[in-house]
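Here are the chains, one letter per residue:
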Amino acid sequence: MEQVVVALSPFTRRSRSLAVSHLASGLDRGLEPGEHLLLHDPADDQHFTAVVADIAFAADDTSYRLEIGTRITAAEAAERLAPSADGERLTLPDIVALLAELRRSERDVTAALAELRAR
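Residues numbered from 1 in each chain as written. Predicted model: local features only at pLDDT ≥ 70, side-chain atom pairs only at ≥ 80, totals over all residues. Heavy atoms only, no water.

**Quick notes on the pairing of strand β4 (residues 46–57)**
Put simply, the rule reads: A strand pair is defined by DSSP finding two or more bridges across the two strands. Helix and strand definitions follow DSSP, with helices as H or I runs of at least four residues and strands as E runs of at least two, each counted in order from the N terminus.
Bridging between strand β3 (residues 36–41) and β4 involves six bridges; their strand directions are antiparallel. Each bridged residue has a counterpart across the sheet, and for His36 the counterpart in β4 is Val51. Taken together, β3 and the strand that follows it, β4, pair antiparallel across an intervening segment of four residues, in which Asp45 is found at a positive phi of about 55°. The pairing of β4 with strand β5 (residues 62–72) spans nine bridges and is antiparallel. When the bridges of β5 are listed, Ala56 appears paired with Ser63.

Put into structure tokens, the structure is as follows:
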């Protein structure tokens, strides 16, 4: 799991969304839509879950729009960042990611169903 270190303003925390530059964030690799990651605000040493909601490509940089999830403890962040000792065992981050994906897919199905009913 990737971690992005970024100062979160009060407005950003309220809006639950922020744009992040690939180059400025120092990421080792590109992020994918729907990918789960961690945000660390070093100003107050708080950690949050996040998901990549959108990607915009430019000639000189890539920017990501991240949706901020829940606040987690430093211990939970460390656990999520630690490599899994057993690739077969589901970890807490795996389960959280699965639940988030289920929630997103449920919204997609609900929207599709509403659209079908409207026809």
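**Description of the environment of Ile55**
Threshold: In this scheme, a residue with accessible area under 20% of its type's maximum is buried, one over 50% is exposed, and one in between is partly exposed, where area comes from a 1.4 Å probe on protein chains only. The contact criterion used throughout is that any non-hydrogen atoms of two residues lie within 4.5 Å.
With respect to the helices and strands, Ile55 occurs in strand β4. Accessibility expressed as a relative area gives 18% for Ile55, which makes it buried. Separated by 11 residues in sequence, Ile55 and Leu66 place their C-alpha atoms 9.0 Å apart. Beyond its immediate sequence surroundings of up to four residues, Ile55 is in contact with Leu31, Glu32, Pro33, Thr62, Ser63 and Tyr64.

**Overview of the sheet that holds β3**
Our working rule: In this analysis an axis means a line fitted to C-alpha atoms, helices contributing only their contacting stretch, and an angle means the value between N-to-C directions, from 0 to 180 degrees.
Pairing within the open sheet is mixed, and its five strands lie in the order β1-β3-β4-β5-β2. Edge positions in the sheet fall to β1 (2–5) and β2 (17–21), since each has one partner strand and no second. Strand-to-strand twist across the sheet, computed as the mean angle between neighbouring axes with direction ignored, equals 40°. Lying over the sheet, helix α3 (residues 74–81) contacts β1, β3, β4 and β5, oriented at roughly 130° with respect to β5.

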